Amino acid sequence: VQLQASGGGLVQAGGSLRLSCAASGRASSTYTTGWFRQTPGKEREFVAAISFTGDTTYYRDSVKDRFTISRDNSKNTVYLQMNSLKPEDTARYYCGADLFGYSGSERLISEYDFWGQGTQVTVSS
């Protein structure tokens, strides 16, 4: 599985961005896809995930009412719509593929088998 993340950029606080995670090598509809983020000197943290069926989504509490994860299986792509962005959302965002997911695994970095290269999101105050 190869993952390509895109859509990051510089935006003012309160603005919006939509990240894309395009998959190849295996249909994204067959595994859970997650978004994580990382800032220098800190561990990568869970942001959101979507089940392979698209029926179930998961969010960290701090983004729950602002971010929306979705998938378009016809394009083999998972999206992360980010609204009302805050400076603390600044990070490099990575998408990952969890091929053998189980309940609860979607939030665990160790359960992800493949990662994209990441895309930088910078939110200015």
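Scroll up to find the structure.
Residues numbered from 1 in each chain as written. Predicted model: local features only at pLDDT ≥ 70, side-chain atom pairs only at ≥ 80, totals over all residues. Heavy atoms only, no water.

(A) Up close: the pairing of strand 4 (residues 32-38). Counted residue by residue, strand 4 has six buried out of seven residues, so it is predominantly covered. Relative to strand 9 (residues 91-98), strand 4 is paired through seven bridges, and the arrangement is antiparallel. Following the sheet pairing, Thr-33 is matched in strand 9 by Ala-97. Here strand 4 folds back onto strand 5 (residues 45-50) in antiparallel fashion, the turn holding six residues, of which Gly-41 has a positive phi close to 85°. (Buried < 20%, exposed > 50% of the residue type's maximum accessible area, 1.4 Å probe, protein only. Helix = DSSP H or I, 4+ residues; strand = E, 2+ residues; numbered from the N terminus. Pairing = 2+ DSSP bridges.)

(B) Molecular detail of the state of the cysteines. For the structure on display, the rule yields one disulfide. Shown here is the disulfide that connects Cys-21 with Cys-95, its sulfur atoms set 2.2 Å apart. Across the disulfide from Cys-21 to Cys-95, rotation about the S-S bond amounts to roughly 75°, and the bridge is consequently right-handed. Of this pair, Cys-21 sits in strand 3 (residues 17-24) while Cys-95 is found in strand 9, placing the two residues 74 residues apart along the sequence. Exposure class is identical for Cys-21 and Cys-95. Each is buried. (Disulfide = S-S within 2.5 Å.)

(C) Focus on the nonpolar core. Within the largest apolar cluster, 28 residues are counted, with the highest numbers of intra-cluster contacts made by Trp-35, Leu-80, Met-82 and Tyr-93. Put simply, the parts of the chain that give this core at least two residues each are strand 1 (2-6), strand 3, strand 5, strand 7 (67-72), strand 8 (77-82), strand 9 and strand 11 (119-124). Those residues in contact with Leu-80 that lie beyond four places of it in its chain are Leu-17, Arg-18, Leu-19, Trp-35, Val-47, Ala-48, Phe-67, Thr-68, Ile-69 and Tyr-93. (Core = buried A, V, L, I, M, F, W, Y, C linked by side-chain atoms within 4.5 Å. Contact = heavy atoms within 4.5 Å.)

(D) Fine view of the environment of Pro-40. For Pro-40, the position within the fold is in the loop between strand 4 and strand 5. Classification of Pro-40 as exposed rests on a relative accessible area of 82%. Residues Pro-40 and Ala-91 lie 51 residues apart in sequence; the distance between their C-alpha atoms is 8.2 Å.

(E) View of the sheet that holds strand 8. Reading across the sheet, the four strands line up as 1-3-8-7 and stay open at both edges, with antiparallel pairing between neighbours. Looking at which strands have only one partner, the edges of the open sheet turn out to be strand 1 and strand 7. Adjacent strand axes in the sheet meet at a mean angle of 15°, parallel and antiparallel pairs treated alike. Judged from the six bridges that link them, strand 3 and strand 8 form a sheet pairing that is antiparallel. Counted as the bridge partner of Arg-18 is Gln-81 from strand 8. (Axes fitted to C-alpha atoms, helices over the stretch in contact; angles between N-to-C directions.)

(F) Summary view of the pairing of strand 7. Residue alternation in strand 7 divides its side chains into a buried set, Phe-67, Ile-69 and Arg-71, and an unburied set, Thr-68, Ser-70 and Asp-72. In this structure, strand 7 lies alongside strand 8, joined through six bridges in antiparallel fashion. Each residue of the ladder has a partner; that of Arg-71, found in strand 8, is Val-78. In textbook terms, the turn of a hairpin is the stretch between consecutive antiparallel strands, and for strand 7 and strand 8 this stretch comprises four residues, one of which, Asn-76, has a positive phi near 55°.

(G) Layout of the side chain of Asp-98. Considering the arrangement of structural elements, one finds Asp-98 in strand 9. Although buried, Asp-98 forms no salt bridge, and the nearest oppositely charged side chain, Arg-26, lies 9.2 Å from it. Only 2.8 Å separates the side chain of Asp-98 from the side chain of Ser-105, close enough to count as a polar contact. Leaving out residues up to four positions away in the same chain, Asp-98 has contacts with Tyr-31, Thr-32, Ser-105, Glu-106, Glu-111, Tyr-112 and Asp-113. (Lys, Arg positive; Asp, Glu negative; His and termini not counted. Salt bridge = Lys/Arg side-chain N within 4 Å of Asp/Glu carboxyl O. Polar contact = N/O pair within 3.5 Å; in protein donor to acceptor, adjacent residues only side chain to side chain.)

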